[in-house]
Amino acid sequence: MVLHKSLMYLNFSIYTFRKDFKYLFLAILFFSFQKLKSQDLCQQTSYAKGDFDLSSLTLCLPQILTVTNTSTAISVKYIFDYQGEDIDEARFLATNQASFNYSSRVKRPEIITVLQIGDINGKTSIACKNLTVRPSNVPVYSYTTCTNNNLVVNLPQNPLNDFDEYEISINNSVTTITQSQLPFEAIKNTPLPAQLIVQGKYLDPAKGCQTPVAVENVSSYLASLGGIERPYHPNISKLRLDTPTKASFTFTGAYHASNQTTDQYKLYVYPSGSLPNPSSVTMVNILPGNYTSIISDSTKSYCFFVKRETSVCGLVPEQSAEICTIPLKKAAFVPYRYDLEWVKYPSLLFGLGSSGLSNLSINQQIMRIENSSNLHTILLSSNAFTHSDYTINCKKKYCYRLKVNTTGQFDFFKFTGQSISNMICVDRSAIIPNATSEVYVSTNPNNQNAVFFNKQPAWPIEIDRWILYKNDGGAYTKFDSLSHPTDFVSDTSLVSKSESYKISYVDKCESQSILSDSVASTFLSFREPNQLTWNIELPFDNSGIGLYEVLYFNENSNTIQLIKQESNNQHEISFKEYDLKAKFRLKTISDDSPLSFSYSNTIIVDVPGSLNLPNIFTPNGDLINDRLAVKGDSDNLLTFSLEIFNRFGEKIAQISNPKESWDGRIKGKVASVGIYLYRLSAILKNGETLTKDGIIELMR
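The model shown is predicted, which means the values in this text are computed figures rather than measured ones.

Would you take a moment to explain the overall build of the chain for this structure?
Within the chain, the regular secondary structure consists of 3 helices and 57 strands. Its C-alpha radius of gyration of 47 Å places the chain more than 25% over the 27 Å reference for a compact globule of 700 residues. Seen through its principal axes, the chain has C-alpha atoms that stretch 160 × 60 × 40 Å. Every one of the 700 residues in the chain was classed for burial, and the buried ones make up 47%. Of the roughly 33600 Å² that the chain leaves accessible, carbon and sulfur atoms contribute 51%. Side chains of the chain give 64 positive and 65 negative charges; the mean places of these two sets differ by 4 Å.

Could you clarify how one ought to interpret the pattern of salt bridges in this entry?
Pairs can form between side chains of opposite charge once their charged atoms are near each other. According to the stated counting rule, one finds 29 salt bridges in the structure shown. Among the salt bridges present, the one from Arg401 reaches Glu89, with a minimum N-O distance of 2.0 Å. Taken as a pair, Arg401 in strand β30 (residues 397–410) and Glu89 in helix α3 (residues 87–93) lie far apart in primary sequence, 312 residues in all. Under the relative-accessibility criterion, Glu89 is labelled buried at 13%. Look at the salt bridges and you will find they share partners, linking Arg368, Glu370, Asp389 and Lys396 into a network.

Help me understand the sheet that holds strand β7 (residues 99–100) in this model?
Strand pairs in the sheet, formed through backbone hydrogen bonds, run parallel or antiparallel to each other. Spatially, the 3 strands line up as an open sheet ordered β3-β5-β7, and their pairing is antiparallel. The open sheet is flanked by β3 (52–54) and β7, the only strands paired with a single partner. Here strand β5 (residues 65–69) pairs with β7 via 2 bridges, running antiparallel. Across the sheet, the residue bridging to Leu65 is Phe100, located in β7.

When you look at the confidence of the model for the chain in this model, what are you seeing that I'm missing?
Residues shown with low pLDDT carry predicted positions that ought not to be read at fine detail. Per-residue confidence for the chain gives a mean pLDDT of 89; residues scoring 70 or more make up 93%. Low pLDDT, under 50, characterises residues 1–39; the predicted model gives this stretch 88 contacts beyond four residues in sequence or across chains.

I'm lost on the side chain of Thr190 in this one. Help?
By the element assignment, Thr190 lies in the loop between β14 (184–189) and β15 (194–201). Not counting residues within four places of it along the chain, the set of residues in contact with Thr190 comprises Asn148, Asn149, Asn150, Leu151, Ile170 and Asn171.

Quick question: what am I supposed to make of the sheet that holds strand β26 (residues 337–342) here?
Sheet architecture is open: 3 strands sit in the order β25-β26-β29, paired in antiparallel fashion. Both outer strands of the open sheet, β25 (328–334) and β29 (386–389), are each paired with one neighbouring strand and no more. Here the average twist between neighbouring strands, direction ignored, is 15°. Note: β26 against β29, 4 bridges, orientation antiparallel. Among the inter-strand pairings, Glu341 is bridged to a residue of β29, identified as Thr386.

Looking at this model, I keep getting lost on the pairing of β26. Mind explaining?
Remember that side chains alternate between the two faces of the sheet whenever the strand is regular. With 5 of 6 residues buried, β26 is to be regarded as a mostly interior element. Note that β25 and β26 share 6 bridges and pair antiparallel. Residue pairing in the sheet places Ala331 in a bridge with Leu340 of β26. Hairpin geometry of β25 and β26 is characterised by an intervening segment of 2 residues between the two adjacent antiparallel strands.

Whenever I open this one, the environment of Phe80 confuses me. Can you help?
Tracing the sequence through the fold places Phe80 in the loop between β6 (74–79) and α3. For Phe80 and Ile112, which are 32 residues apart along the polypeptide, the C-alpha to C-alpha distance reads 7.8 Å. Those residues in contact with Phe80, other than ones at most four positions away along the chain, are Leu65, Val67, Thr95, Gln97, Ala98, Ser99, Phe100, Tyr102, Ile112, Thr113 and Val114.

Explain the state of the cysteines here, please?
One way to say it: the disulfide is the covalent bond shared by the sulfur atoms of two cysteines. A full pass over the atoms with the stated rule returns 5 disulfides. For Cys303, the disulfide goes to Cys324, at an S-S distance of 2.0 Å. Here the disulfide of Cys303 and Cys324 is right-handed, its torsion about the S-S bond being about 95°. In this pair, Cys303 is assigned in strand β22 (residues 302–308) and Cys324 in strand β24 (residues 323–324), connecting sequence segments 21 residues apart. Note that Cys399 is cross-linked by a disulfide to Cys425, the S-S spacing being 2.0 Å. The disulfide joining Cys399 to Cys425 has a torsion of about 110° about its S-S bond and is therefore right-handed. Here the residue Cys399 occupies a position in strand β30, and Cys425 occupies one in strand β32 (residues 424–427), the gap between them amounting to 26 residues.

In this structure, what is going on with the pairing of β30? I would like to understand it.
In terms of residue burial, β30 counts as a mostly covered element, since 10 of its 14 residues are buried. The sheet contact formed by β30 and β32 spans 4 bridges and is antiparallel. Bridge assignment links Tyr400 to a residue of β32, and that residue is Ile424. Of the strand pairs in this sheet, β30 and strand β31 (residues 413–420) are connected by 8 bridges, and their pairing is antiparallel. The residue bridging Asn405 from the neighbouring strand is Gln418, located in β31. Where β30 folds back onto β31 in an antiparallel hairpin, the turn is made up of 2 residues, including Asp411, whose phi is positive at roughly 55°.

Honestly, the environment of Tyr390 in this entry has me stumped. Any pointers?
Inspection of the secondary structure assignment puts Tyr390 in the loop between β29 and β30. Assessed through its relative accessible area of 57%, Tyr390 is described here as exposed. A C-alpha to C-alpha distance of 35 Å links Tyr390 and Tyr270, two positions 120 residues apart in sequence. Setting aside its immediate chain neighbours within four residues, Tyr390 contacts Tyr336 and Arg337.

So what exactly am I meant to see when it comes to a nonpolar patch on the surface here?
A grouping of Ile675, Leu677 and Ile695 is seen on the molecular surface, where their side chains present a nonpolar patch of about 260 Å² in accessible area. Relative to the elements of secondary structure, Ile675 occurs in strand β56 (residues 674–684).

What's the story with the packing of aromatic side chains in this structure? I'm lost.
Ring pairs (aromatic) are described by centroid distance and by the angle formed between their planes. This structure, assessed with the given rule, holds 31 aromatic pairs. Ring centres of Phe163 and Tyr202 lie 4.7 Å apart, and the angle between their planes is 40°; on these two criteria the pair is classed as tilted. Of this pair, Phe163 sits in the loop between β11 (150–155) and β12 (165–170) while Tyr202 sits in the loop between β15 and β16 (216–218), and the two are 39 residues apart along the sequence. Accessibility classification places Phe163 together with Tyr202 in one group, the buried group.

What is the right way to read unusual backbone geometry from this model?
Leave glycine aside and you will find that most residues have negative phi; peptide bonds, for their part, are mostly trans. Pro529 follows Glu528 through a cis peptide bond whose omega is 10°. With respect to the element layout, Pro529 can be found in the loop between β40 (524–527) and β41 (531–534). Backbone torsion omega between Ser593 and Pro594 reads 0°, so that peptide bond is classified as cis. Following the sequence through the fold, Pro594 ends up in the loop between β45 (581–590) and β46 (597–606).

Each value, and the rule that gives it
Residues numbered from 1 in each chain as written. Predicted model: local features only at pLDDT ≥ 70, side-chain atom pairs only at ≥ 80, totals over all residues. Heavy atoms only, no water. Helix = DSSP H or I, 4+ residues; strand = E, 2+ residues; numbered from the N terminus. Rg over C-alpha atoms; globule rule 2.2 N^0.38 Å. Buried < 20%, exposed > 50% of the residue type's maximum accessible area, 1.4 Å probe, protein only. Areas by Shrake-Rupley, 256 points an atom, 1.4 Å probe, with all protein chains shown as cover. Lys, Arg positive; Asp, Glu negative; His and termini not counted. Charge placed at Lys NZ, Arg CZ, Asp CG, Glu CD. Salt bridge = Lys/Arg side-chain N within 4 Å of Asp/Glu carboxyl O. Pairing = 2+ DSSP bridges. pLDDT = per-residue confidence, 0-100. Contact = heavy atoms within 4.5 Å. Axes fitted to C-alpha atoms, helices over the stretch in contact; angles between N-to-C directions. Disulfide = S-S within 2.5 Å. Patch = residues over 30% accessible without salt bridge, like charges linked within 9 Å, V, L, I, M, F, W, Y side chains within 5 Å. Phe/Tyr/Trp six-rings, centres within 6.5 Å; stacked < 30°, edge-to-face > 60°.

Pasting the structure below:
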């Protein structure tokens, strides 16, 4: 009784202590609960539907389970105890084996989920089946020792308790009940320690397991160093954030045949750092088992514990130690590491310091999964809430999860718990760098395009290579790749038209950037007799066109001898400076600051030799069309001759200089109006010969 009074005093003291801190009772959480495992993948419909058979739906240990794939899925793997893991963790946990032995895993009857993961036509497939595993004909039950001479055994109503009869043997004193008597409570006044055997029986023995039910040795109710160990004292053994907003947890405890609210467990949930109070109760009348909860604030840590006001022995309240969630806030890539940050796990139980009745030991570690295949454990100090992981290969995918194992003593009793954070997966290949800028295309003097760009884009990771994409029938396809560093990427084919390009880069982590905006080369063309034209597509990625400059090259020295500006996309050539060949190139100037420049292809044009005479001239002294003169480019002529004949074929005039003209007189006298004939002949500097005959009409 001294021990029970101490427990009563401790619970009362804690409650009184908490009442004094009303200002800490802040947010009230709203949770929804489901008394099932968090079988997310089993419930999702976005995956292809696989299928498999179990060798048995009820397994009696040491019988081994075998699975058979009955779907079209390939590369199938199995998780033989699926507990709600997401797809990344499931891929890691899944195994190729087609059989499993639960003997070392299952000590009491359980309903276990088997999950199949595979591939159907390139899409992930999922299938799930539930399996009942029994180590023997032991039912679901609990026991409590109230004094050294009092043992209470409870059998609840439970899907696993489907036996026709039950036998409770305490120190060889047997009580038999039927299925209809559940829930059932047996109270035995017997000296402790004691031997306990609880087993179920089917009327049809073939339904049961052949393995004998093990004897459970119930120790006496004595305090020990580190706390009393009782398998059915309330305890939250596992708390996990399946997602930042959803937690699943498992708690164990004693069953109670009574339906009174005070005899059943309540769940308390409250923000870490505050203290629980009556408003922290989020669920009542709960039995030991598995639950899920929706959390309203994913940035906070919340603490859980279960409690009931009256124990099975009807004496003092009993409660578990608290266990708290660990929100993993980020796993940020900083070249070349991942920086992790989480909410620090509290170092005290209920805010109380270590004492003879309350203490807490924390073991903290990071679980890192690499490429869904390799597991690496990183040990941490108990006070850590950040970690930088330098032991990475940034070309691989990593998933991080924090795990805290807690042990200690609360209210004289030992406890153990495990809190697991949400998982954050980072796949560098899925991180797309920003596009590079300052892209422009220019054509070199050899008439090959080159794409220039900012070789140091705003990206923190070293660049490995540059990739050039070229427009091919409306789609941009990979054309060339060049290792970094480089200032430009060339298209070595000779230009025959305007070409459009985009540029991309791949960093040292194999992440490829967004393609840049397109740029188009300027293609210069010649149209007879004397016109240059070009396309108007932009050669710059982030600026317009301010001005064009037509570059005239010296025929002999290949240097620029003349520049003429244009604002549109055509130019009329002057051949005055050329004899045989005229060479041109276009320079495009951007409209931004600082200016950017892009060049077109270079073209060489044969100097034309066109000389013409008007059909009519009027030498009447009005200074308009008074003289018959040759029109055209005459600077590139070696020889020139213009002969004029009357209608009888008699030569009446001859001119040997293209700069001279006929004034309409014959031997000083005014020629009569009428029709005259002419013959024009010339030799150009390029060797070309021109000959032309025609008629002119003289009018006054």
